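Geometric and topological summary
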Amino acid sequence: MEFSYQAPDKKVETVETYKSWDLEKLMTYIAKQYHQKIVADINELMPPIDKVVRVHGESHPHLPAVRNLFLQLVEELKEHIKKEETVFDLIDDIKEDDNILEFEISSLAGNHLAFESVLENISELTHKYTAPEGSCKTYNLVYDLLRAFNEKLTHYRELENEVLFEKIKE
């Protein structure tokens, strides 16, 4: 199984790189690189998570909790992406009213804090994505995929918090 997430090339993709992009280019990039790929990653991640919980959940009681947290994150992400795409579509109208603009940015940033909290809980339960000694390939794969997913969402949040929201305010 190949996970669609690839770590950003640090030489090319830094937060500073995106600061020079115009808002339209940045929103298009976020929609293609994050919104679409996050959904694909979720679809790839769920079957092995379900399998590991089914096979090892009874002897490793933290696994169902990890799955439940991941499902919570999935629902929050889907709502966030939907809301963000609406904001992207209506950006010109939203920018005309400072109150609406602040509300939308604050709401999206609040979602980021919620994602971070859920990911921290998953990281704690998995001992920072360290599978137990002697774990099967699927168990190790799930932890690797969860770690990669966390890294992707961290980059996504940083890009939006440090660049997108500032560009929207301009």
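For every chain, the first residue of its written sequence is number 1, and the numbers climb from 1 along that sequence. Reporting in this predicted model follows two pLDDT cut-offs: at least 70 for local features of residues, and 80 or more for side-chain atom pairs to be given and counted; totals over whole chains, interfaces and linings ignore these cut-offs and use all residues. To obtain the side-chain values, all non-hydrogen atoms of the structure were included, while hydrogens and water were left out.

1. With respect to the packing of helix H2 (residues 23–56) against helix H3 (residues 62–89)
- Packing of H2 against H3 brings their axes to within 10 Å, and their N-to-C directions diverge by 160 degrees. Here H3 runs roughly antiparallel to H2, going by the angle between their axes. The handedness of the crossing between H2 and H3 is left-handed. Residues Met27, Ile30, His35, Ile38, Ile42, Leu45, Met46, Ile49, Asp50, Val52, Val53 and His56 of H2 lie in contact with H3, whose contacting residues are Leu63, Pro64, Arg67, Phe70, Leu71, Val74, Leu77, Ile81, Glu84, Glu85 and Phe88.
- Considering only residue class, the contact of H2 with H3 consists of 17 nonpolar, two polar and four charged. Only the contacting stretch of a helix is used when fitting its axis, a line to C-alpha atoms as for every element, and angles between N-to-C directions run 0 to 180 degrees. Segments assigned H or I by DSSP are reported as helices when at least four residues long, segments assigned E as strands when at least two residues long, and all are numbered from the N terminus. Orientation labels follow simple angle bins: below 35 degrees gives roughly parallel, above 145 gives roughly antiparallel, 65 to 115 gives roughly perpendicular, and whatever is left gives oblique. For any helix crossing, the convention is left-handed if the near helix is rotated counterclockwise from the far helix by under a right angle, and right-handed if that rotation is clockwise. Whether two residues are in contact is decided by their heavy atoms: any pair within 4.5 Å suffices. Each residue gets one label: Ala, Val, Leu, Ile, Met, Phe, Trp, Tyr, Cys and Pro are nonpolar, Asp, Glu, Lys and Arg are charged, and the others, such as Gly, are polar.

2. Quick look at helix H6 (residues 137–169)
- Look at H6: 46 Å from first C-alpha to last across 33 residues, which is about the 48 Å you get at 1.5 Å a residue.
- In this analysis the local bend is the angle between axes fitted, respectively, to the seven residues ending at and the seven residues starting at the residue. The axis of H6 is deflected most strongly, by about 40 degrees, at Glu160. Here a helix's expected span is defined as the number of its residues, less one, multiplied by 1.5 Å.

3. Concerning the nonpolar core
- Grouping buried Ala, Val, Leu, Ile, Met, Phe, Trp, Tyr and Cys residues that are joined through side-chain atoms within 4.5 Å yields what is termed a nonpolar core. Exposure classes here rest on a 1.4 Å probe applied to the protein chains alone. A residue is buried below 20% of its type maximum, exposed above 50%, and partly exposed in between. By size, the foremost hydrophobic cluster in this structure holds 50 residues, and its most contacted members are Ile38, Phe70, Leu73, Leu146, Phe149 and Leu164.
- If you list the elements that add at least two residues to this core, you get helix H1 (15–19), H2, H3, helix H4 (91–95), helix H5 (98–125) and H6.

4. Considerations on the confidence of the model for the chain
- For the chain, the average pLDDT comes to 88, and 92% of its residues sit at 70 or higher.
- The predictor attaches a confidence to each residue, called pLDDT, with possible values from 0 through 100. When pLDDT is averaged over each element of the chain, H3 comes out on top at 94 and H1 at the bottom at 83.
- Confidence drops under pLDDT 50 across residues 5–12; counting only partners more than four residues distant or on other chains, this segment forms seven contacts.

5. With respect to the environment of Ala109
- Here Ala109 is to be found in helix H5.
- For Ala109 and Phe165, which are 56 residues apart along the polypeptide, the C-alpha to C-alpha distance reads 8.6 Å.
- Ignoring any residue separated from it by four or fewer positions in sequence, one finds Ala109 in contact with Asn161 and Phe165.

6. Here's the deal with the environment of Ile81
- Tracing the sequence through the fold places Ile81 in helix H3.
- Taking the relative accessible area as the measure of exposure, Ile81 reaches 8% and is therefore buried.
- Put simply, Ile81 and Gln36 are 45 residues apart on the chain and 9.2 Å apart in space, counted from C-alpha to C-alpha.
- Here Ile81 is in contact with His35, Ile38 and Tyr156, once residues within four sequence places are set aside.

7. As for the packing of aromatic side chains
- Working definition: rings of Phe, Tyr and Trp (its six-membered ring) pair if their centres are within 6.5 Å, and the pair is stacked with planes under 30 degrees apart, edge-to-face with planes over 60 apart, and tilted otherwise. All told, the structure shown has seven aromatic pairs when counted by the stated rule.
- Seen from their ring centres, Tyr18 and Trp21 are 4.9 Å apart, and the 85 degrees between their planes marks the pair as edge-to-face.
- Ring geometry for Tyr18 versus Tyr29: centroids 5.2 Å apart, planes at 35 degrees, classification tilted. Taken together, the positions of Tyr18 in helix H1 and Tyr29 in helix H2 put the pair eleven residues apart, joining distant regions of the chain. Here Tyr18 matches Tyr29 in class, with each residue buried.
- Over the face of the ring belonging to Trp21 we find Lys25, whose NZ or CZ atom lies 4.4 Å from the ring centre. Placement of a charge over a ring requires the Lys NZ or Arg CZ to be within 6 Å of the ring centre, with the centre-to-atom vector within 35 degrees of the ring normal.

8. Structural notes on H5
- Taking 1.5 Å of rise per residue, the 28 residues of H5 would be expected to cover 40 Å, and the 41 Å separating its terminal C-alpha atoms lies within 8% of that figure.
- Here H5 has its buried residues at Leu101, Glu104, Ile105, Leu108, His112, Phe115, Val118, Leu119, Ile122 and Ser123.
- If you follow the buried residues of H5, they end up packed against H3, H4 and H6.
- Of the residues flanking the start of H5, the one acting as N-cap is Asp97, its side-chain oxygen 2.9 Å from the backbone nitrogen of Asn99.
- Taken from the residues just after H5, His127 is the one with a positive phi, measuring 55 degrees. Pairs of N or O atoms within 3.5 Å make up the polar contacts considered here, provided that, within protein, one atom can donate a hydrogen while the other can accept it, and that residues adjacent in sequence are counted only when both atoms are side-chain atoms.

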